[in-house]
Amino acid sequence: MVLTGLLAACGFRPLYRQDSDTASVVQFSQIAIAQPDDRVSQQLRNHLLDILTPHGAPERPRYLLDYRITESVGSVFVTRTEEITRNNLQLSVSYYLRDYETGVAVFSMSATSQSSYNVTQADYANLISEKNARERALRDAAEQMRLRLGNYFDRKPQLDELKRQKQQGSVR
């Protein structure tokens, strides 16, 4: 009980609390997710659809979530005979939340995720290990995106008010 009181006093609010003050979950349902260019983008889009719009794409979206993925693979462990035994897959997603009608970016950020996998003598095992590492990294990146978008929508009313005050000249 004391901890709850302390958290409330410092301004802590649960991000996904559903009341009149918090509308981040409602805002998620107004996001259309851009069509993918390749298989990796399709996998990310599928994760985003599951966590942002689980009830289906909006009929009249207010926002468009656009994204670009870059990935790199680097060696982590190398034996004395210069044989690679473990790789790191690093995935970066640059994403932009755009106004659906105007195309103007209202929020942009990037998410980075890293996943490791073992390298063996079997090519098929290496292929599957890399595929699984990519899947884990994409799932993590999608979750980071959800959290950051939720934070943006949670703070959006305050940001809009500051913007309005600046336009009126009452805040410098």
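Everything quoted here is computed from the prediction, not taken from an experiment.

### Examining the nonpolar core
1) Next: In this structure, L65, Y95 and L97 are the most contacted members of the largest nonpolar core, which totals 28 residues.
2) Next: Every element with two or more residues in this core is listed here: β1 (31-33), α3 (39-52), β2 (63-78), β3 (84-99), β4 (105-118) and α4 (123-168).
3) Next: Those residues in contact with L97 that lie beyond four places of it in its chain are I31, Y63, L64, L65, V104, A105, V106, F107, L149, Y152 and F153.

### Observations regarding the sheet that holds β4
1) Next: Read across the open sheet, the four strands follow the order β1-β2-β3-β4; overall the sheet is mixed. This sheet does not close on itself; its edge strands, each paired only once, are β1 and β4. Strand after strand, the sheet turns through a mean of 25° between neighbouring axes, direction not considered.
2) Next: Sheet strands touched by α3: β1, β2 and β3. Its angle to β2, the strand with the most contacts, is close to 120°.

### A closer look at the pattern of salt bridges
Once the charged atoms of two side chains with opposite charge are near each other, the side chains can pair.
1) Next: By the definition in use, this model includes seven salt bridges.
2) Next: Between R146 and E143 there is a salt bridge, with its nearest N and O atoms 2.1 Å apart. Within this pair, R146 and its partner E143 are both found in helix α4, separated by three residues, close to a single helical turn.
3) Next: A single network of salt bridges, built from pairs that share partners, joins D37, D66, R68 and R98.

### Notes on the pairing of β4
1) Next: Bridging between β3 and β4 involves 13 bridges; their strand directions are antiparallel. By the bridge assignment for β4, Y96 is matched with S108.
2) Next: Count of turn residues in the β3/β4 antiparallel hairpin: five residues, of which G103 carries a positive phi of about 80°.

Basis of the calculations
- Residues numbered from 1 in each chain as written.
- Predicted model: local features only at pLDDT ≥ 70, side-chain atom pairs only at ≥ 80, totals over all residues.
- Heavy atoms only, no water.
- Core = buried A, V, L, I, M, F, W, Y, C linked by side-chain atoms within 4.5 Å.
- Buried < 20%, exposed > 50% of the residue type's maximum accessible area, 1.4 Å probe, protein only.
- Helix = DSSP H or I, 4+ residues; strand = E, 2+ residues; numbered from the N terminus.
- Contact = heavy atoms within 4.5 Å.
- Pairing = 2+ DSSP bridges.
- Axes fitted to C-alpha atoms, helices over the stretch in contact; angles between N-to-C directions.
- Salt bridge = Lys/Arg side-chain N within 4 Å of Asp/Glu carboxyl O.

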